[in-house]
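Residue-level structural notes
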Amino acid sequence: MSTYHACVDAKAFSEALMDVSRFAAGESSLPVLSEAMVRFDGSHCVLTCTNLYQWCTATIPATGDAFAFVFTKTKRVLTACRYFAGTLELTFSNKPNDRTPDPDGVIELSDGTHSLQRGTMPASDFPSFPAVSFEDRYDICAGHLLERFKRIRYALSTDMNRKPRCCIEFLDTRIAAVDGYRLAFNHDPALSVKTPFLIPPEAMAALEIFRKRPCTLSVGKMWACFENETLLLLTRIPEKDSFEIDQSIPPDLGMECPVSVNTLWAQVKYLSDLSNAKEKKPVRFDGKTLVLETSDGTYSTQVGLPPIPVRGFNLRYLLEGLSQFKAKKADTVTMKVGTPVSPLILTDGEDELAMILPVRLKAA
């Protein structure tokens, strides 16, 4: 029987396990992918989870022996960890032999008041961390980049047959989302990338684990990595497709006029609340009014903009496009419109742009 001991701060261990566990696979043909690996080296504890597309590691101070294991039922362990406080002692035991040098074992966690004991899987069963290389590195503020992502993620595609369109594109000082029906981007001169690349939305959303602390973004041909002194998030990136964002934005649409973000958002929200989700009726827009015709009635609201040839728009797309500026707390945006078949563009003239394609209207 081999027995090992180590101690960590209970709160730090719980937070680290919570951060990495979001990258554990759900139901998988490889049960080990649903769990967290824990490795002690005498002075540090490193926790790791992966679904093979993303890897996340958290490193915290530790004292004690060097050993490693994989939790079973990690989610239940995480629930227990929320009750631990102070110093958390871990005691690991297994029975290695010549035929099985890394067998299943038993781990016990205790803070002196609460404790748990359960079986473990061998650390050797856990996938090896991929060998990666990076060409470019950028210093970023994770919290700021996360807020930029939140404002435009509505425009991401959910079609997994077009994976590049499901990802955020980094190009020059901008990050962009496009699904074929709308496009959204914002820019920040503090982050300017040399070569365009894509980052999956799960990795972008997970930037919250960095808790607004500075970190480094490293980018290679197949992998990108967000990292600071305690956390590492590695994500597989798809190859960029041939779609060029700048070429899809018309340089001149003809009419431009300022609109109040909150006023127009409230008008679109009024119609959205009255729409029938099953019918998916478009809204008619002629500059002066927005009109929604449903099977149970016709609803309209006065916009009061200069008259334009009537065109149709998806209500949800309009609402989400306006929400991008509402989230930034912009008071006014410029609306650009052209022919009935050209897109509608909303921009604050500085950092943000939303573009929405029209939909075909049936003849009256």
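Overview of the structure. (Residues numbered from 1 in each chain as written. Predicted model: local features only at pLDDT ≥ 70, side-chain atom pairs only at ≥ 80, totals over all residues. Heavy atoms only, no water.)

The next subject is the sheet that holds strand β21 (residues 297-302). With respect to topology, four strands assemble into an open sheet ordered β21-β20-β19-β22, the strand pairing being antiparallel. Edge positions in the open sheet fall to β21 and β22 (311-313), since each of these has one partner strand only. Mean inter-strand twist for the sheet, computed between neighbouring axes without regard to direction, equals 25 degrees. Bridging between strand β20 (residues 289-294) and β21 involves six bridges; their strand directions are antiparallel. When the sheet's bridge partners are listed, Thr-294 is paired in β21 with Gly-297. Where helix α6 (residues 261-274) meets the sheet, it contacts β19 (283-285), β20 and β21, and its direction lies at approximately 175 degrees from that of β21. (Pairing = 2+ DSSP bridges. Helix = DSSP H or I, 4+ residues; strand = E, 2+ residues; numbered from the N terminus. Axes fitted to C-alpha atoms, helices over the stretch in contact; angles between N-to-C directions. Contact = heavy atoms within 4.5 Å.)

Right, let's get into the sheet that holds strand β12 (residues 174-178). Taken in spatial order, the eight strands of this open sheet run β14-β11-β12-β13-β25-β24-β23-β18, and their pairing is antiparallel. Each having just a single partner strand, β14 (197-199) and β18 (255-260) make up the two edges of the open sheet. Neighbour-to-neighbour, the strand axes of this sheet turn through a mean angle of 20 degrees, independent of strand direction. As paired elements, strand β11 (residues 168-171) and β14 share three bridges and run antiparallel to each other. Opposite Glu-169, over in β14, you have Leu-198 as the bridge partner. Against the sheet, helix α7 (residues 315-327) touches β13 (182-187), β23 (332-337), β24 (344-347) and β25 (352-356), its axis set at about 175 degrees to β25.

Our next topic: the nonpolar core. Among the nonpolar cores identified, the biggest contains 95 residues, and Phe-13 and Phe-170 are the most heavily contacted of them. Examining the composition of this core, we find that six residues originate from one element, α7, more than from any other. Those residues in contact with Phe-170 that lie beyond four places of it in its chain are Leu-145, Ile-175, Leu-191, Val-193, Thr-195, Pro-196, Phe-197, Ile-199, Met-204 and Leu-217. Within the second largest apolar cluster, 14 residues are counted, among which are Val-32, Leu-33, Trp-55 and Leu-232. (Core = buried A, V, L, I, M, F, W, Y, C linked by side-chain atoms within 4.5 Å. Buried < 20%, exposed > 50% of the residue type's maximum accessible area, 1.4 Å probe, protein only.)

Judged by how many residues are buried, strand β16 (residues 223-227) sits mostly within the fold: four of five residues are covered. Taken together, the four bridges between strand β15 (residues 214-219) and β16 define a ladder with antiparallel strand orientation. Bridging across to β16, Ser-218 finds its partner in Cys-225.

Mapped onto the secondary structure, Arg-151 falls in helix α3 (residues 142-152). Judged by relative accessible area, which is 16%, Arg-151 ranks as buried. Remark: the alpha-carbon pair of Arg-151 and Glu-320, spanning 169 residues in sequence, is separated by 9.2 Å. One polar contact links Arg-151 to Glu-352, side chain to side chain, over a distance of 2.7 Å. (Polar contact = N/O pair within 3.5 Å; in protein donor to acceptor, adjacent residues only side chain to side chain.)

Any functional reading would require information that these geometric values do not contain.
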